[in-house]
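Structural overview for review
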Amino acid sequence: MGIISPYQAQVHVIQEKIGKFISNSDRAFSASVGTVDGSGWREEDFIFISTIRSNEKGSVGFVSNLQRANVALARARH
């Protein structure tokens, strides 16, 4: 599974929170966490996209950039 966010601060919080639940010795489950623009990503069976933050207008600016949104959506294998 992969978890991606356009925001580095969210990536750090997610890594911290998920690290409490996933042990390095648990080979049955793994999760990659990173930014949408981060390099080294491979396709995953499941991708969760965290877009919690919004701007002063109440919109998520990330999805207005079609190229970045396409990169995020293309991370899922199927």
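Up top is the structure these notes are about.
Quick summary incoming for the structure in this document. Everything quoted here is computed from the prediction, not taken from an experiment. (Residues numbered from 1 in each chain as written. Predicted model: local features only at pLDDT ≥ 70, side-chain atom pairs only at ≥ 80, totals over all residues. Heavy atoms only, no water.)

Given a rise of 1.5 Å per residue, twelve residues ought to cover 16 Å, and the 16 Å separating the end C-alpha atoms of helix 1 (residues 8-19) matches this to within 8%. Restricting attention to buried positions, one finds in helix 1 the residues Gln10, Val11, Ile14 and Ile18. Seen along its axis, helix 1 keeps its buried residues to an arc of 100°; they face one direction. Those residues of helix 1 that are exposed and angled more than 90 degrees off the buried face are Ala9 and Glu16. Of the surrounding secondary structure, the elements contacted by the buried residues of helix 1 are strand 1 (2-5) and strand 2 (32-35). (Helix = DSSP H or I, 4+ residues; strand = E, 2+ residues; numbered from the N terminus. Expected span 1.5 Å × (residues − 1). Buried < 20%, exposed > 50% of the residue type's maximum accessible area, 1.4 Å probe, protein only. Arc of directions from axis to C-beta. Contact = heavy atoms within 4.5 Å.)

Counting residues in each nonpolar core, the largest one holds six residues, listed as Ile4, Tyr7, Val36, Ile47, Phe62 and Ala72. Of all hydrophobic cores here, the second largest spans five residues; its members include Ile3, Val11, Ile18 and Val33. (Core = buried A, V, L, I, M, F, W, Y, C linked by side-chain atoms within 4.5 Å.)

With that settled, the discussion passes to the environment of Ala31. Here Ala31 is to be found in the loop between helix 1 and strand 2. Residue class for Ala31 comes out partly exposed when judged on its relative accessible area of 27%. Taking the C-alpha atoms as reference points, Ala31 and Phe46, 15 residues apart in sequence, are found 9.5 Å from one another.

On to the side chain of Ser50. Note that Ser50 resides in the loop between strand 3 (47-49) and helix 2 (66-73). A distance of 2.8 Å separates a polar atom in the side chain of Ser50 from a polar atom in the side chain of Gln10. Contact partners of Ser50, with chain neighbours within four places excluded, come to Ile4, Ser5, Pro6, Gln10 and Ile14. (Polar contact = N/O pair within 3.5 Å; in protein donor to acceptor, adjacent residues only side chain to side chain.)

Taken together, the three strands give an open sheet; going across it, the order is 2-1-3, and neighbouring strands pair in parallel fashion. Edge positions in the sheet fall to strand 2 and strand 3, since each of these pairs with one other strand and no more. When strand polarity is set aside, the average angle formed by the axes of neighbouring strands in this sheet is 20°. When strand 1 meets strand 3, the two strands line up parallel, connected through three bridges. By the bridge assignment for strand 3, Gly2 is matched with Ile47. (Pairing = 2+ DSSP bridges. Axes fitted to C-alpha atoms, helices over the stretch in contact; angles between N-to-C directions.)

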